[in-house]
Amino acid sequence: MWSSNPPGEPITITTAADRDRPEWTAFVETHRDSMGYHSWKWREVFANAFGHDSVYLIARENHAIVGVLPLVQIKSVLFGRTLTSLPFVNYGGVLADCDDVARQLVEAAQAEARARRCSHVELRHTDARFPDLPCKQHKVSMRVQLEPDLWDRIDKKARNQVRKAQKSGLTVERGGGELIPEFYSVFARNMRDLGTPVYSRRLFDEVLTAFPDRARIHLVRLGREPVAAGITYTVGDVAQLPWASSIRSHHALCPNHLLYWDALEYAAERNCAVLDLGRSTPGEGTFKFKEQWSAHAVPLHWEYLMTTPGDLPNVSPANPKFQLAIALWQKLPLAVTLRVGPMIVRAIP
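As the structure is a computational prediction, the values presented were derived from the model and not from experiment.

Definitions and limits used
- Residues numbered from 1 in each chain as written.
- Predicted model: local features only at pLDDT ≥ 70, side-chain atom pairs only at ≥ 80, totals over all residues.
- Heavy atoms only, no water.
- Helix = DSSP H or I, 4+ residues; strand = E, 2+ residues; numbered from the N terminus.
- Rg over C-alpha atoms; globule rule 2.2 N^0.38 Å.
- Contact = heavy atoms within 4.5 Å.
- Areas by Shrake-Rupley, 256 points an atom, 1.4 Å probe, with all protein chains shown as cover.
- Lys, Arg positive; Asp, Glu negative; His and termini not counted.
- Charge placed at Lys NZ, Arg CZ, Asp CG, Glu CD.
- Core = buried A, V, L, I, M, F, W, Y, C linked by side-chain atoms within 4.5 Å.
- Buried < 20%, exposed > 50% of the residue type's maximum accessible area, 1.4 Å probe, protein only.
- Salt bridge = Lys/Arg side-chain N within 4 Å of Asp/Glu carboxyl O.
- Pairing = 2+ DSSP bridges.

Colleague: I'm lost on the overall build of the protein chain in this one. Help?
Modeller: In terms of helices and strands, the protein chain carries 11 helices and 15 strands. Computed over C-alpha atoms, the radius of gyration of the protein chain comes to 21 Å, within 12% of the 20 Å expected from 2.2 N^0.38 for 349 residues, which places it in the range of a compact globule. With respect to the principal axes defined by its C-alpha atoms, the protein chain has extents near 65 × 45 × 35 Å. A separation of at least 24 residues holds for 74% of the contacts in the protein chain among residues at least 6 apart in sequence. Element-wise, carbon and sulfur atoms account for 52% of the exposed surface of the protein chain, whose accessible area totals about 15,700 Å². Counting 42 positive and 38 negative side-chain charges, the protein chain places the averaged centre of each group 9 Å from the other.

So, in structure tokens, the structure goes:
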């Protein structure tokens, strides 16, 4: 948690420009609360992959950066205008050296939202930062501590399924951008089967281009056919698995288990302390699957600055309003979802 700011020079809040990039990078790369998505390169990923405008706020004291808040604006016919920190990824929100700086950044974000006629600002924090703001705690982050006895701590059934996958002739390859076509073929099909519009392939092209040393593709094959795939993203001693998918028709061979075990081995090889398996809804299938890997749940706190009256936003697939659309989407030909999906999902943070 932050501490109070001692009396000193007044804090100034400005909108970051390209000339601020080196200082911004130096600040976020060394801040204790950074999860990697505050990187300036993610601003370029969001712009190039989705075409979204953004406003990156900088707090300075004595000309030195003491806090940042990256915000991405999304304009949607269905959901209106919003500012999110950060969309399409698990983490974002305020990075600040003290409470006073954090509060001033949030006040500046609210003013920016009003000026842009946005209905709200969404701050994706791990901890609750602002007790006076409405907060949703509908998601948790599932994290595995990477210790020498990890294999023994994994659920016995999961260990057996990893062995089954290895004995079934499945193989794993790790790589970079050259594996994107195969990764995307698995990812897009799985999203269709889940009833969820798929991101455009360009998102992953941009991520692998921007972070060639941090992002890695893990591809599970049966012969030459890709049957499971994921992307790890490593920052410091924390590796993350933000995207992972497998083909349902091959589930009996347990390719997803081999994928997750390879991600764990990779993180351990990089001397990471934690593998973050991404956010889940407690009690649902993905939550229970991740529990098998000795993952513990860390509650997430999404805090909101509302500029107009109304309920907190709910664009989750679990929202009953979307159940019919999901059922229909699952029946569409894959080629149709590949054309239409990216146009829809770019407006859903």
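Colleague: In this structure, what is going on with the nonpolar core? I would like to understand it.
Modeller: W42 and W243 are the most contacted members of the largest nonpolar core, which has 53 residues in total. Looking at which element gives the most residues to this core, the answer is helix α6 (residues 180-194), with seven residues. Those residues in contact with W243 that sit more than four places away from it in its chain are W42, F88, F183, F187, Y199, L203, F204, V207, A229, G230 and I231. Core analysis: the next-biggest nonpolar cluster, separate from the first, contains 30 residues, V140, M142, A158 and L264 among them.

Colleague: Explain unusual backbone geometry here, please?
Modeller: The general pattern is negative phi for most residues beyond glycine and trans for most peptide bonds. Going from S85 to L86, the amide bond is cis rather than trans, its omega being 0 degrees. Relative to the helices and strands, L86 resides in the loop between β4 (80-85) and β5 (95-96). In this structure, F88 is a non-glycine residue whose phi angle is positive, near 70 degrees. Looking at the element boundaries, F88 is found in the loop between β4 and β5. Given a relative accessible area of 6%, F88 falls into the buried group. For N271, which is not a glycine, the phi torsion comes out positive at approximately 60 degrees. For N271, the location among the structural elements is in the loop between α8 (255-269) and β13 (274-280). The class for N271 is exposed, based on a relative accessible area of 66%.

Colleague: In this structure, what is going on with the pattern of salt bridges? I would like to understand it.
Modeller: Side-chain pairing between opposite charges can occur once the charged atoms of the two side chains come close. Across all of its chains, the model carries 20 salt bridges by this definition. Here D53 makes a salt bridge to R116, at a shortest N to O gap of 3.0 Å. With D53 in the loop between α2 (40-50) and β2 (54-61) and R116 in the loop between α3 (99-115) and β6 (120-125), this pair connects stretches of sequence that are 63 residues apart. On the accessibility criterion, R116 (18% relative accessible area) is buried.

Colleague: Help me understand the pairing of strand β10 (residues 215-222) in this model?
Modeller: On a regular strand, one side chain projects to one face of the sheet and the next to the other, so that they alternate. Across the eight residues of β10, six count as buried, placing the element largely inside the fold. Of the strand pairs in this sheet, strand β9 (residues 170-175) and β10 are connected by six bridges, and their pairing is antiparallel. Directly across from T171, in β10, lies its bridge partner R221. When β10 meets strand β11 (residues 225-235), the two strands line up antiparallel, connected through eight bridges. Each bridged residue has a counterpart across the sheet, and for R221 the counterpart in β11 is P226. With antiparallel pairing between neighbouring strands as the criterion, β10 and β11 make up a hairpin whose turn holds two residues, including G223 at a positive phi of roughly 70 degrees.

Structural measurements only, silent on function.
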